[in-house]
Amino acid sequence: MDRLFGFAPSATVYSEMNPILTYLRAAQRIGKTGLLALCALLFMTGAAWAETPAAEHATEHHEEALPQGAPLLVDTVIHNVPLIHDLPIKVNNSMVITWVVMLALIISAQVAMRKVKDVPDGAQNFWEWVVESLYSFLEGIIGKQLVKKTFWFFATVFIFILALNWFSLIPGVGTIGWGIPDPYSGVVTHITRPILRGPNADLNMTMAMALTFFFFWIVWALQANGPGGFIMHLFGPKGDTKGFMKVLMVIVFICVGFLEIVSILFRPISLSFRLYGNIFAGENTLETMATLGGPWFGWLLPLPFYFLEILVGLVQAMVFMLLTAVFTLLIMPEEGHGHH
Amino acid sequence: MLPILAELTGNLHVGLAALGAALGVGFIGMKASEAVGRNPGAATPILVQAILSTAFAEGIVFFAIYLVAK
């Protein structure tokens, strides 16, 4: 654990921590990150079905909250596409922020790894510190073998969510746009159509990430257990009982298996709702505080909550990564746990 | 008292679920910090347990939100 905050890895650490360099190199060579691109594509398609009815609904009723659906910037349909007939193309401002943050991350990783030094400094040092801290942290939780295989996903998700959360906190994101003026003072306090909007305050985004994880979770579970082992892991009896008790235990654990399947199916829902709920509630809190302060103290009241939101952004990124990591660990066969 | 209770409308269950979840998360945090205080070496396994149980405690609120009547 004391390597968690260590700087300046020496050359020996390189050979030991090969997956980290692979990770950074992978981020460097976009061509090799087909999987990353796939994730990004999934994120986009998740947000592409941004529901227009909800957006209309929000503007119709002038609800005292942030709009549920992000305003659409592009809303067209490409006709006569083979196979799917009509291809709707919808781009909302949450997606634009997603792309901007994605580009920023890719470019900064590229710039940092342009000239790799044995004793890193500057940007390379920073990224190596981030990735190495994450690696040793995850290694302590899910074990040596599993972290080698799954690190790319958890690290990407953590860095991406953290960057998105903190980007949405930049003053101006979500607070500049078109709104409804207050009937008494004529001051626009409530923004219904922000120009920029935090992507994690959009359920489409978090749901896309949770579903991406769910897909990889199934892939990893099948790879590690095999189809039969996967079913045995869910329904098979645990512990060593003998004789009549064994028969009883088999029945009990078959029932437990069904319960487990229900809880597994709820994981993507609770994962996405947790992140969305926290970020959306945070934005609402900031807006409420700014309104409460009035024209004079509107800048002062949200300040403490800004610090809270910075913390929440970090904690929620951590929670998303940890939960997905632990869920992956739980489905692995017993000997794969690595630490006991 | 009973008529008042009978006339209660709205989505009371979300509030109750939030209350319960908040209490649950608080207890988990309390016990986890106590456990780390007693055995700092076991901080990582305790963190995993705490995060998992927190997730389950929080999940109740999401289920309650699903049952909100408009």
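Criteria and cut-off values
Residues numbered from 1 in each chain as written. Chains lettered and ligands numbered in written order. Predicted model: local features only at pLDDT ≥ 70, side-chain atom pairs only at ≥ 80, totals over all residues. Heavy atoms only, no water. Helix = DSSP H or I, 4+ residues; strand = E, 2+ residues; numbered from the N terminus. Rg over C-alpha atoms; globule rule 2.2 N^0.38 Å. Buried < 20%, exposed > 50% of the residue type's maximum accessible area, 1.4 Å probe, protein only. Pairing = 2+ DSSP bridges. Contact = heavy atoms within 4.5 Å. Buried area = accessible area lost by both parts, 1.4 Å probe. Salt bridge = Lys/Arg side-chain N within 4 Å of Asp/Glu carboxyl O. Polar contact = N/O pair within 3.5 Å; in protein donor to acceptor, adjacent residues only side chain to side chain. Nonpolar A, V, L, I, M, F, W, Y, C, P; charged D, E, K, R; others polar.

With respect to the overall build of chain B
Scanning chain B from terminus to terminus reveals three helices and zero strands. Each helix and strand of chain B, ordered N terminal to C terminal, gives the series α-α-α. In terms of C-alpha radius of gyration, chain B reaches 17 Å, well past the compact-globule figure of 11 Å for 70 residues. Dimensions of chain B, computed from C-alpha atoms along their principal axes, come out at roughly 55 × 25 × 10 Å. Sorting the 70 residues of chain B into buried and exposed places 26% on the buried side.

Side note on the pairing of strand 1 (residues 72–81) of chain A
Residues and elements named next belong to chain A. Relative to strand 2 (residues 85–92), strand 1 runs antiparallel, the two being bridged by seven bridges. Bridge pairing links Asp75 to Lys90 in strand 2. Hairpin geometry of strand 1 and strand 2 is characterised by an intervening segment of three residues between the two adjacent antiparallel strands and by a positive phi of about 75 degrees at Leu83.

What to know about the interface of chain A and chain B
On the side of chain B, eleven residues touch chain A, which itself brings 16 residues to the contact. Summing the contributions of chain A and of chain B, the shared interface buries around 1300 Å²; its carbon and sulfur component is 81%. Applying the counting criterion to the chain A and chain B interface returns one salt bridge. Between B:Glu58 and A:Arg274 there is a salt bridge, with its nearest N and O atoms 2.5 Å apart. At the boundary of chain A with chain B, the tally comes to one residue pair in polar contact (both at pLDDT 80 or more). Put simply, the parts of the chain that give the side of chain A that touches chain B at least two residues each are helix 6 (122–142), helix 9 (244–292) and helix 11 (302–331) of chain A. Considering every element that reaches the side of chain A that touches chain B, the biggest residue donor is helix 11 of chain A, with six residues. In terms of residue class, the side of chain A that touches chain B is built from twelve nonpolar, three polar and one charged.

Any functional reading would require information beyond the geometric quantities listed.
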